[in-house]
Number of protein chains: 2
Amino acid sequence: MIRIGILGYGNLGRGVEAAVKHNPDTQLKAVFTRRDPASLTVKTEGAAVYSADSLGTHKDEIDVLILCGGSATDLPEQTPEAVKYFNVVDSFDTHARVPEHFANVDKAAKETGHIGIISVGWDPGMFSLARLYSNVILTDGNDYTFWGRGVSQGHSDAIRRIDGVKDARQYTVPVPEAVEAVRAGRNPELTTRQKHTRECYVVAEEGADLARIEREIKTMPNYFADYDTTVHFISAEELAKEHAGLPHGGSVIRTGRTGWNNENSHTIEYSLKLDSNPEFTTQVLVAFARAAYRLNQKGESGAKTVFDIPPVLLSAQTPEELRAHLL
Amino acid sequence: MIRIGILGYGNLGRGVEAAVKHNPDTQLKAVFTRRDPASLTVKTEGAAVYSADSLGTHKDEIDVLILCGGSATDLPEQTPEAVKYFNVVDSFDTHARVPEHFANVDKAAKETGHIGIISVGWDPGMFSLARLYSNVILTDGNDYTFWGRGVSQGHSDAIRRIDGVKDARQYTVPVPEAVEAVRAGRNPELTTRQKHTRECYVVAEEGADLARIEREIKTMPNYFADYDTTVHFISAEELAKEHAGLPHGGSVIRTGRTGWNNENSHTIEYSLKLDSNPEFTTQVLVAFARAAYRLNQKGESGAKTVFDIPPVLLSAQTPEELRAHLL
């Protein structure tokens, strides 16, 4: 059994706990939390709850620690620190800062002989793999990534920070005509506005100026100004009833040409339709935790990404079973 | 530059030649043929043409030999023999005989210090990877593979062997209702007949008994008897005009549930739409030839499948470039 630890018990942490239950060769040994450990009850019988400050004390109890913090401030600190004591997997998703994060984790991991797999999940993660595999096959082509229909937590948070907003949920929605044009191999050049629209469901405080809130949302730089955005004001009850979940998904599509004179066209598409973004992400994290453990057992160390992992290491089945049944 | 050789200059061999041209770090050094080498002209300037009997003589001229023979009789003999002299990649696609073929290639490859990657292409190959990745993520779920709409060369050949048939082209067609039920997460139990239909375009000899030919097709065991099959008799001209290509494609879909109480559903789909089955296959073969070369440069040997290859080894880009641009 691979002994799993969790750092951070929010949506992702609870998802890892459920994912561990779904895998026959993993068991949850401990949850590390920044809250008072005595205040936290986890679902897994026999799993300990420890303070996040005590990672080093428990280094012999855990084979792989799965980091469930945020990419903005948590993971840049936590992953290089935690990899001193454990093999780790994180879901660092700030694309622009990947090279820096990789270097920090790599240094600490090599010094202590551990494996740290970063940026695991679906984007980055499975979508990255879809991009890599489709690029090496269709060497001459175009890449497209569409996200949604799904809840963007960053955009929902941005709306919540507006004065007069009590709560909000934002859906990112791919433009159907754009997706169809790509699938048909027409290689469109698409602006930001042509690829996705944004749908906002907003609960306003009583007496708030709805026109101002709508204007502030639609003109918000980076988040909404470059998109066609619709704003719906709804009640707290309707938000709770209709928008409680965290669905997401999307498609990575590559189209390209082959042949001596580029005479043939091909389309590769990888698509996800997810009821629960965090639960899907954590199912991916646990599979890569297995690979981290196995790589370390082979004597390897250092930072890795999904690109570095032989797929066979992700499965609880043996290579012989995989060749016989899935190849 | 990775020096590529081709064994067999049919549809696949010519596809490899074109794929080598599409990759910046590969060059075609030689084509080995069972025909008279003097009778064969290849498109690549400077590439040699040698007899298939002379593999061993040219072992220092080639880094990776790509085997372009058939799975029924060619590859079981050719791959274990060729791997004595070269790193090799083949597209062996007889699923049931993979374990035996793997063992034969592994033994010869380890004895001589080469890498032999078998069963590379799209199924087995990319579809196998799609099945593996989706299985390790959605641990509790169902797998579906649909093929087509596309030309099955095996089924076309089977029709051509019927008395009175001059030529034929057979399309495998997924049943749209079945695909939709799977995509919607309804987890249908599907019989062979419910998953695919078969469309046959047949050129009969003058005066042939069309009713008998149609009956022989529709009742042919293994190939057609378990399917709803339609037979269209057409002229040789129409076959040449409308059915000259070798399009194919299909989808690997896995649906599954996650959560502490299996409360959430997810769908993963990997789809291909290919103008040219052999050209797409050979683009995959050349990417894995790069990986075979690199693994061997690291000192590894033995048989491998797509499951064993870290994706990073498939790309002409550096790991740093991949992390910065595709992750």
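Refer to the structure printed above.
It should be emphasised that the depicted structure is a prediction, and the values quoted were computed from it without experimental measurement.

Calculation rules
Residues take numbers from 1 onward in each chain, read along the sequence in its written order. Labels follow written order: the first chain is A, the first ligand is 1, and so on. Thresholds applied to this predicted model are a pLDDT of at least 70 for local features of residues and 80 or more for the giving and counting of side-chain atom pairs; totals over whole chains, interfaces and linings are not thresholded and use all residues. Based on all heavy atoms of the structure, the side-chain values leave hydrogens and waters out of the count. By the convention used here, strands pair only if DSSP detects at least 2 bridges between them. A helix here means a DSSP run of H or I that spans at least four residues, while a strand means a run of E at least two residues long, and both kinds are numbered starting from the N terminus. Only heavy atoms matter for contacts: two residues are in contact if any of them lie within 4.5 Å across the pair. Interaxial angles span 0 to 180 degrees and are taken between N-to-C directions of axes, which are lines fitted to C-alpha atoms, for helices over the stretch in contact. Joining two parts hides part of their accessible area as seen by a 1.4 Å probe, and the buried area is that hidden amount summed over both. Just to be clear on terms, a salt bridge is a Lys or Arg side-chain nitrogen sitting within 4 Å of an Asp or Glu carboxyl oxygen. Throughout this description, a polar contact denotes any pair of N or O atoms lying within 3.5 Å of each other; where both atoms belong to protein, one of them has to be capable of donating a hydrogen while the other can accept it, and for residues adjacent in sequence the pair is counted only when both atoms sit in side chains. The nonpolar class holds Ala, Val, Leu, Ile, Met, Phe, Trp, Tyr, Cys and Pro. Asp, Glu, Lys and Arg form the charged class, and all remaining residues, Gly among them, are polar. The rule is simple: take the accessible area with a 1.4 Å probe, protein chains only, and divide by the maximum for that residue type; under 20% is buried, over 50% is exposed, in between is partly exposed. Each Phe, Tyr or Trp ring (for Trp, its six-membered ring) is paired with any other whose centre lies within 6.5 Å, and the angle between the two planes then decides the class: stacked below 30 degrees, edge-to-face above 60, tilted in between.

**What to know about the sheet that holds strand β10 (residues 196-204) of chain B**
All names here are of chain B.
Now for step 1: Strands sit in the order β8-β9-β10-β11 across an open sheet of 4 strands; the sheet is mixed. Only two strands of the sheet have a single neighbouring strand rather than two, namely β8 (150-151) and β11 (228-233).
Now for step 2: In terms of strand pairing, β8 meets strand β9 (residues 165-174) through 2 bridges, oriented antiparallel. In the strand pairing of β9, Gly150 is matched with Thr172.
Now for step 3: Here helix α8 (residues 210-218) sits on the sheet and contacts β9, β10 and β11; the angle it forms with β11, its principal contact strand, is near 150°.

**A few points about the interface of chain B and chain A**
Now for step 1: Taken together, the contact pairs 63 residues of chain B with 63 residues of chain A.
Now for step 2: Between chain B and chain A, a total of about 6100 Å² is buried, with carbon and sulfur atoms accounting for 64% of that surface.
Now for step 3: Seen at the junction of chain B and chain A, the total is 0 salt bridges.
Now for step 4: In this structure, the connection of chain B to chain A is made through 35 residue pairs in polar contact (both at pLDDT 80 or more).
Now for step 5: It is strand β13 (residues 264-274) of chain B that contributes the most residues to the side of chain B that touches chain A, 11 residues altogether.
Now for step 6: Grouping the constituent residues of the side of chain B that touches chain A by class yields 29 nonpolar, 20 polar and 14 charged.
Now for step 7: As paired strands, strand β13 (residues 264-274) of chain A and β13(B) are joined by 9 bridges and run antiparallel to one another. Bridging from a neighbouring strand, A:Tyr270 pairs with B:Tyr270 of β13(B).

**Let's talk about the pairing of strand β12 (residues 248-258) of chain B**
Residues and elements named next belong to chain B.
Now for step 1: Of all 11 residues making up β12, 10 are buried, and the element is well covered by its neighbours.
Now for step 2: Pairing geometry for strand β7 (residues 141-147) and β12, over 7 bridges, is antiparallel. Looking at the pairing, Asn142 lines up with Thr255 of β12.

**Overview of unusual backbone geometry**
With the exception of glycine, most residues fall at negative phi, and the peptide bonds are largely trans.
Now for step 1: Looking along the chain, the bond that leaves A:Gly148 and enters A:Arg149 is cis, with omega of 5°.
Now for step 2: Tracing the sequence through the fold places A:Arg149 in the loop between β7 (141-147) and β8 (150-151).
Now for step 3: Of note in the backbone geometry, A:Asn262 takes a positive phi value of approximately 55° without being a glycine.
Now for step 4: Locating A:Asn262 in the fold gives a position in the loop between β12 (248-258) and β13.
Now for step 5: Look at B:Ser119: it is not a glycine, yet its phi comes out positive at around 60°.
Now for step 6: By relative accessible area, which is 0% here, B:Ser119 ends up buried.

**Section: the packing of aromatic side chains**
Now for step 1: Scanning all chains against the criterion turns up 13 aromatic pairs over all chains.
Now for step 2: Ring geometry for A:Phe32 versus A:Phe86: centroids 6.2 Å apart, planes at 55°, classification tilted. With a gap of 54 residues between them, A:Phe32 in strand β2 (residues 26-33) and A:Phe86 in the loop between α2 (74-82) and β5 (87-89) connect regions that are remote in the sequence.
Now for step 3: On the accessibility criterion, A:Phe32 (0% relative accessible area) is buried.
Now for step 4: The interplanar angle of 65° and the centroid separation of 6.1 Å between the aromatic rings of A:Tyr133 and B:Tyr133 together place this pair among those described as edge-to-face. One end of the pair, A:Tyr133, is in helix α4 (residues 126-137); the other, B:Tyr133, is in helix α4 (residues 126-137), on a second chain.
Now for step 5: Three or more aromatic residues joined by ring pairs form one cluster here, namely A:Phe32, A:Tyr50, A:Tyr85 and A:Phe86.

**Details of the sheet that holds strand β2 (residues 26-33) of chain B**
Residues and elements named next belong to chain B.
Now for step 1: The strand order β3-β2-β1-β4-β5-β6-β14 describes an open sheet built from 7 strands, whose pairing is parallel. At either end of the open sheet lies a strand with only one pairing partner, and these are β3 (48-51) and β14 (302-304). Going from strand to strand, the sheet's axes swing by 25° on average, the running direction of each strand aside.
Now for step 2: Here 4 bridges tie strand β1 (residues 2-7) to strand β4 (residues 64-67), and the two strands are oriented parallel to one another. When the bridges of β4 are listed, Ile4 appears paired with Val64.
Now for step 3: Its contacts with the sheet place helix α1 (residues 11-22) against β1, β2 and β4, and it is angled at close to 165° to β1.

**Focus on the pattern of salt bridges**
Now for step 1: Within the structure shown, the criterion is met by 42 salt bridges over all chains.
Now for step 2: Ionic pairing is found between B:Arg183 and B:Glu269, a salt bridge with its closest N-O pair at 2.7 Å. Pair noted here: B:Arg183 is in helix α6 (residues 176-183) and B:Glu269 is in strand β13, with a separation of 86 residues, a long-range link.
Now for step 3: Taking the relative accessible area as the measure of exposure, B:Glu269 reaches 10% and is therefore buried.
Now for step 4: Residues joined by salt bridges that share partners form a network here, namely A:Asp157, A:Arg160 and A:Asp167.

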